[in-house]
Amino acid sequence: MHIPSRILEIELPPFDPLNVRAAHLRAAGHEVISLGQALPFYPPPASAVRAAQAALERPGVHGYTTDPGRPELRRLLAERLRQHIGVECEADDVMITAGANHAFTTALTTLISAGDEVVLPAPYFTNHQMAVQAAGAVAIEAPVADRDTYSVTWNDIAPALTDRTRAVVLCNPSNPTGAPVNAEAGTRIVSELAARGILVISDETYLHFVYDGHHWSAASVAGWRRNVVVIGTFSKSFAMMGWRVGYLLADAPVCTQAIKVQDAMIICAPTISQIAAEAAVRDDWNYPLTFHAELLDRRARLSDGLGRIAGVSWMPTSAGFFAFVRVDGCTDSNQLALDLLEEAHIVAIPGASFGRSGEGCLRLSYGSVSGDGLVKAIERLTRFLG
Ligand SMILES: Cc1ncc(COP(=O)(O)O)c(C=O)c1O
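Predicted model only: the values in this text are computed from it and were never measured.

Between its first and last C-alpha, helix H10 (residues 271-283) extends 18 Å over 13 residues, near the 18 Å set by a 1.5 Å rise per residue. Of all the positions in H10, only Ser-273, Gln-274, Ile-275, Ala-276, Ala-277, Glu-278, Ala-279, Ala-280 and Val-281 are classed as buried. Among the structural elements, helix H3 (46-55), helix H4 (71-85) and strand S2 (94-97) are those in contact with the buried residues of H10.

Glancing now at the pairing of strand S7 (residues 228-233). Extensive coverage of S7 is indicated by the burial of 6 of its 6 residues. Side chains of S7 alternate between two faces, with Val-228, Val-230 and Gly-232 and Val-229, Ile-231 and Thr-233 buried alike. Sheet analysis places strand S6 (residues 199-203) next to S7, joined by 4 bridges and oriented parallel. Along S7, the bridge assignment pairs Ser-202 with Val-230.

Moving on: the site of the ligand. Looking at the ligand, there are 13 residues lining it, with Gly-99, Ala-100, Asn-175, Thr-233 and Ser-235 nearest. Looking at the shell around the ligand, its residues break down into 5 nonpolar, 7 polar and 1 charged.

The biggest cluster of nonpolar side chains holds 116 residues, and the ones touching the most others in it are Ala-107, Leu-248, Ala-276 and Ile-346. If you count residues domain by domain, this core takes at least three from each of domain 1 (5-43 + 289-385) and domain 2 (46-285). Those residues in contact with Ala-276 that lie beyond four places of it in its chain are Ala-48, Val-49, Ala-51, Ala-52, Met-240 and Trp-243.

Attention now goes to the domain arrangement of the protein. We note that the domain assignment places domain 1 (5-43 + 289-385) and domain 2 (46-285) within the protein. Contacts between the two partners involve 29 residues from domain 1 and, on the opposite side, 31 residues from domain 2. Those elements that provide at least two residues to the side of domain 1 that touches domain 2 are helix H1 (5-8), helix H11 (292-307) and strand S10 (322-327). A per-class count over the side of domain 1 that touches domain 2 returns 16 nonpolar, 9 polar and 4 charged.

Here we come to the pairing of S10. Relative to S10, strand S9 (residues 312-313) runs antiparallel, the two being bridged by 2 bridges. Paired with Val-312 across the two strands is Val-327, which belongs to S10. Here 5 bridges tie S10 to strand S13 (residues 361-365), and the two strands are oriented antiparallel to one another. Looking at S13, one finds that Ala-323 is bridged to Leu-364.

This part takes up the packing of H3 against H10. For the pair H3 and H10, interaxial distance at closest approach is 8 Å and the crossing angle is 140°. Taken together, H3 and H10 sit at an angle that is classed as oblique. Where H3 crosses over H10, the handedness of that crossing is right-handed. Residues Ser-47, Ala-48, Val-49, Ala-51, Ala-52 and Ala-55 of H3 form the contact with H10, whose participating residues are Ile-272, Ile-275, Ala-276, Ala-277, Glu-278, Ala-279, Ala-280 and Asp-283. Split by residue class, the contact of H3 with H10 holds 11 nonpolar, 1 polar and 2 charged.

A separate point is the packing of helix H12 (residues 333-344) against helix H13 (residues 371-385). For any two helices packed against each other, the geometry comes down to the angle between their axes and how far apart the axes lie. At a closest axis distance of 11 Å, the pairing of H12 and H13 adopts a crossing angle of 115°. On the basis of their axis angle, the class for H12 and H13 is roughly perpendicular. Relative to H13, H12 is oriented so that their crossing is right-handed. Of the residues in H13, those in contact with Leu-340, Glu-343 and Ala-344 of H12 are Arg-380, Leu-381, Arg-383 and Phe-384.

Here is what the cut-offs are and how they apply
Residues numbered from 1 in each chain as written. Predicted model: local features only at pLDDT ≥ 70, side-chain atom pairs only at ≥ 80, totals over all residues. Helix = DSSP H or I, 4+ residues; strand = E, 2+ residues; numbered from the N terminus. Expected span 1.5 Å × (residues − 1). Buried ≥ 20, exposed ≤ 12 C-beta atoms within 10 Å, placed from the backbone. Contact = placed C-beta atoms within 7 Å. Pairing = 2+ DSSP bridges. Near = placed C-beta within 6 Å. Nonpolar A, V, L, I, M, F, W, Y, C, P; charged D, E, K, R; others polar. Core = buried A, V, L, I, M, F, W, Y, C linked by C-beta atoms within 7 Å. Domains from an automatic or database assignment. Axes fitted to C-alpha atoms, helices over the stretch in contact; angles between N-to-C directions. Parallel < 35°, antiparallel > 145°, perpendicular 65-115°, else oblique. Left-handed = near helix turned anticlockwise from the far one by under 90°.

Listed below in structure tokens is the structure:
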């Protein structure tokens, strides 16, 4: 069967092979510690689980919702986004999707044409690059110059623009670096791009995990409706990865078009998941904030431990739960991650998975590993890398 080159050329990141190998090692009796997964350590809020349990008794839960999602969930979400990140929005500007990745592909299908260029400040989130390629567009890597803070600026993006640029993707806070977009820099990026008629697709999956100050949203810029689309999810904030529920925030007329894509793809996000998400938004919007102290403790331990390993550098970033660690002399992070797994029984993600500019680095997630696991992981990293 003919498979088009835009699909053949997509490279799957090595997450699955690493996890499969880790499972084999575990089955053989080894204690493997995963610093690979972008997950929080806590469970979903009880309000969400209870709402889903109660809903299972009601017949309506087995049907579809309207394409853009439950009206009450859209209304509540718009209200929370207004309060939490100062976004001027209404329920009609919010569409419920089957997670952030689905919101991203829906935005691309709605707004991008084949051959358009989409700029990804790098290191980028791997699935963004894959989705751009799958859409038949061209992903342009724009390396972030500041390799300590990984704070993206207009100067990183401007050189990558051409007359074919249709969109710039912000990942704020960033997976893989944990760097938030600074309000001043972000406002300039949104405004400069608006002046050039270029879209901003802002993935704000980690909006609840900002430890210094407040999350800055691309949709908080006055006039955001001209060129900003924001993507969010219940996966990380509310630890509801498998529920597959997220959202897309865009000017209502853009949502009206995106709903066609949603209808063709999945009709609506899973009804039971929307009911659970609605309870989380109504009763537990600030639930993720109660875990900040624990996450900061993990970040401090990791920073302390890594700081003692010669040839390894990481400046802790102030959001998310990732350490994007540079390893001196590493020119093949894929091989390094394989060796780390075989020899030290630690899963880490090779930096090269996040673009060419990530080569020489490893992404370590401190979101899901237990406190004890982190101590052991640091000991093993010290032995292996030291
Ligand atoms: C930046 C970013 N966007 C999107 C996703 C996917 O989220 P979802 O589970 O909502 O599709 C992830 C998951 O790791 C992520 O890190």
